[in-house]
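# Structure assessment
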Amino acid sequence: MAGIKALVGLSFSGAIGLTFLLLGCALEQYGVYWPLFVLIFYILSPIPTFISRRLSDDDSSSNACRELAYFLTTGIVVSSFGLPIVLARNSTIEWGACALVMTGNAVIFLTILGFFFIFGGGDDFSWEQW
């Protein structure tokens, strides 16, 4: 039952993050949908970690594959925070929309991190069951 509650909580926080992202795009004073390109970063961010956990044999020590995955994931996350700032500096989007998108980024990436903390362990309840 604890796994279901965690899954519902992660779903709720993911919905809140996407709501912030869509508010940054769809409010009448902003009305530009360029910030939706951060959805690509949301999809790409967990992929290096999934691959490294699949290829890695041991969970106790650090190895080059896992470190490369952390590096690539960090680059993807930083890029998703940088894209709205670049768009706002270029006057493509408003600064208020940038703030809403960056708030949504923080919530979504904390949700992804929570997913890995809750379902990433090697115990009986893992993300591979879903």
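Rules used in this analysis
Residues numbered from 1 in each chain as written. Predicted model: local features only at pLDDT ≥ 70, side-chain atom pairs only at ≥ 80, totals over all residues. Heavy atoms only, no water. Helix = DSSP H or I, 4+ residues; strand = E, 2+ residues; numbered from the N terminus. Buried < 20%, exposed > 50% of the residue type's maximum accessible area, 1.4 Å probe, protein only. Contact = heavy atoms within 4.5 Å. Areas by Shrake-Rupley, 256 points an atom, 1.4 Å probe, with all protein chains shown as cover. Polar contact = N/O pair within 3.5 Å; in protein donor to acceptor, adjacent residues only side chain to side chain. Core = buried A, V, L, I, M, F, W, Y, C linked by side-chain atoms within 4.5 Å. UniProt positions renumbered as here; feature names shortened; annotations may be inferred.

### A word on the overall build of the protein chain
Scanning the protein chain for helices and strands turns up five helices and zero strands. When the helices and strands of the protein chain are read in sequence order from the N terminus, they spell out α-α-α-α-α. Considering the protein chain as a whole, with its 130 residues, one finds that 32% of them fall into the buried category. Partitioning the contacts of the protein chain with sequence separation of at least 6, the portion at a separation of at least 24 is 64%. When the accessible surface of the protein chain is split by element, carbon and sulfur atoms take 68% of a total near 8,100 Å².

### Let's talk about the side chain of Ser45
Along the chain, Ser45 falls in the loop between helix H2 (38-44) and helix H3 (47-55). By relative accessible area, which is 3% here, Ser45 ends up buried. Looking at Ser45, its side chain comes within polar contact range of the main-chain oxygen of Tyr42, at 3.4 Å. If sequence neighbours within four positions are ignored, Ser45 has contacts with Thr73, Ile76, Phe109 and Ile112.

### With respect to the nonpolar core
Grouped together as the largest cluster of nonpolar side chains are eight residues: Leu21, Val38, Phe41, Tyr42, Ile76, Val101, Ile108 and Phe109. Among the elements of the structure, H2 and helix H5 (95-119) are those that each provide at least two residues to this core. In this view, Ile76 contacts Phe41, Leu44, Ser45 and Pro48; residues no more than four positions away in its chain are not counted. Formed by seven residues, the second largest nonpolar core is a distinct cluster that contains Tyr30, Ile93, Cys98 and Leu100.

### With respect to unusual backbone geometry
Glycine aside, the phi torsion of most residues is negative, and most peptide linkages are trans. Positioned with a positive phi, Ser91 is a non-glycine residue whose angle comes to about 60°. Topologically, Ser91 is positioned in the loop between helix H4 (64-89) and H5. Relative accessible area serves as the criterion here: at 64%, Ser91 is assigned to the exposed category.

### Remarks on the UniProt feature "transmembrane region" (unreviewed entry) in the protein chain
Listed under "transmembrane region" (unreviewed entry) in the UniProt record, and renumbered for this structure, are residues 6-23, 30-48, 68-88 and 95-120. As a span, residues 68-88 carries 100% helix and 0% strand, and end to end its C-alpha atoms are 31 Å apart.

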